[in-house]
Amino acid sequence: MARLEDEQWLKLLVSPSSSGAYVDGHVDGQDSLHQLLETYFASTHSTFSVRYSLSEHTDSKELFLPGLNRKHILWQQTAGDVKVPFDGTPFTTCGTTVLHCQHGPKRHKSVAQSTSQAVQCSKKRGCLAVIKYVRVLRFPEFTIDKSSTLSRYAEKSLRGKSVDGVLKDVTSSQRGLDLASERFYIRLPLVDAHDGHLSSTLGQAAARRTQRVHPDLIAKIHEFVSAGIRDAREIRKLLSLEVKTKHCFGDVKPSLFDRAYYPSLKDIRSSIYAASKLLCLSQLDQLTKSWNPATSKGEEARTPEYPV
């Protein structure tokens, strides 16, 4: 088993720190967050799904920054599982996203299951491993000196002036959008955080068998089908090029045995069938909307004449 220090996803975290069965750290920007999660899922052979997200309505800076007021400007956040330490830079939080392990607890209790339903296998094993990250907009131009030599009064005065500057410049026109930088503080579970199911190297084989095709690759298959490409082997070559250009980050590459990135021909054919069916229904819907019963037989629509 590889050491924690050798994990590729850990090298992408800035200022990582271990806290029990979890690792805390941060990354800057959406692209870095996407790269971190992709590498983490590929390295740990785990699958997580979004349980809830409170940042969907504030994804755009244009919508969020004009509504800032003094109580929204923070210097640190100590509440909750994901901490934001004090580094002298004011910031505002834009929401929290929580992802649960696919083997987590059952959320919906069934009512009077039949015998056939009761014997069906379920992925739910009561695993409590979660991924949490907080989206933060920082204002580095208004950073203050965090030196311990400052008196409490001097530090309070500096913070007040910095907040006034944020409210004056950030909430006005395009200048505020340029001053705000995006950062994600994230908390990732280690192998020990998982419970009740196979994980890491012990569950690699099982994870590969049940791994779903990556959503980006499914979208690509739909594009190929729409363009008239329906040969599974040809699409597999095109998907391999897509993975090399979009999902390989330097030395961090998905395993050739990971079916999420290198799906089997059976997986590709299933996706081709689903894409073909969806395309057929879309074309049928367009024909239905454009069909006119009055002109369906080549005759012009006529206004009926009634005798007076």
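Going by the structure above, here's the rest.
Calculation notes
Residues numbered from 1 in each chain as written. Predicted model: local features only at pLDDT ≥ 70, side-chain atom pairs only at ≥ 80, totals over all residues. Heavy atoms only, no water. Helix = DSSP H or I, 4+ residues; strand = E, 2+ residues; numbered from the N terminus. Buried < 20%, exposed > 50% of the residue type's maximum accessible area, 1.4 Å probe, protein only. Phe/Tyr/Trp six-rings, centres within 6.5 Å; stacked < 30°, edge-to-face > 60°. Core = buried A, V, L, I, M, F, W, Y, C linked by side-chain atoms within 4.5 Å. Salt bridge = Lys/Arg side-chain N within 4 Å of Asp/Glu carboxyl O. Pairing = 2+ DSSP bridges.

Asker: Can you walk me through the overall build of the protein in this structure?
Answerer: Secondary structure summary: the protein contains 10 helices and six strands in total. Looking at the protein residue by residue over its 308 residues, the buried ones come to 36%.

Asker: Is there a simple way to explain the packing of aromatic side chains in this structure?
Answerer: In this description, a pair of aromatic rings is defined by centroid distance and the angle of the planes. For the coordinates displayed, the defined rule picks out six aromatic pairs. For the pair Tyr-40 and Phe-48, a centre-to-centre distance of 6.4 Å together with 55° between the ring planes defines the contact as tilted. Grouping residues by exposure puts Tyr-40 and Phe-48 together as buried. A network of ring pairs unites the aromatic residues Trp-9, Tyr-40, Phe-41 and Phe-48 as a single cluster.

Asker: Honestly, the nonpolar core in this entry has me stumped. Any pointers?
Answerer: The nonpolar side chains of a soluble globular protein tend to be buried with one another. In this structure, Trp-9, Leu-13, Ile-131, Ile-186 and Leu-188 are the most contacted members of the largest nonpolar core, which totals 24 residues. Taken together, the elements giving at least two residues each to this core come down to helix H1 (8-12), strand E2 (22-28), helix H2 (30-44), strand E4 (91-101), strand E5 (130-138) and strand E6 (181-189). Per element, the largest residue contribution to this core is four residues, and it comes from H2.

Asker: How should the pattern of salt bridges be read in this particular structure?
Answerer: Once the charged atoms of two side chains with opposite charge are near each other, the side chains can pair. For the structure on display, the rule yields nine salt bridges. A salt bridge links Arg-183 to Asp-28, with the nearest nitrogen and oxygen atoms 2.7 Å apart. Taken as a pair, Arg-183 in strand E6 and Asp-28 in strand E2 lie far apart in primary sequence, 155 residues in all. A relative accessible area of 40% means that Asp-28 is categorised as partly exposed. In this structure, the salt-bridge partner of Glu-223 is Lys-220, at a minimum N-O distance of 3.4 Å. Pair noted here: Glu-223 and Lys-220 are both in helix H8 (residues 215-226), with a separation of three residues, about one helical turn. Taken together, the salt bridges that share partners define one network made up of Asp-28, Asp-87, Arg-138 and Arg-183.

Asker: What's the story with the pairing of E2 in this structure? I'm lost.
Answerer: Regular strands show a simple pattern: their side chains alternate between the two faces of the sheet. Within E2, six of the seven residues are buried, which leaves the element mostly enclosed by the surrounding structure. Inspection of the sheet shows strand E1 (residues 14-19) paired to E2 by four bridges, in the antiparallel sense. The residue bridging Ser-19 from the neighbouring strand is Tyr-22, located in E2. Counting the residues between successive antiparallel strands, the hairpin from E1 to E2 contains two residues, one of them, Gly-20, with a positive phi of roughly 70°. Alignment of E2 against E6, held across seven bridges, turns out to be antiparallel. If you follow Val-23 over to E6, its bridge partner there is Leu-188.

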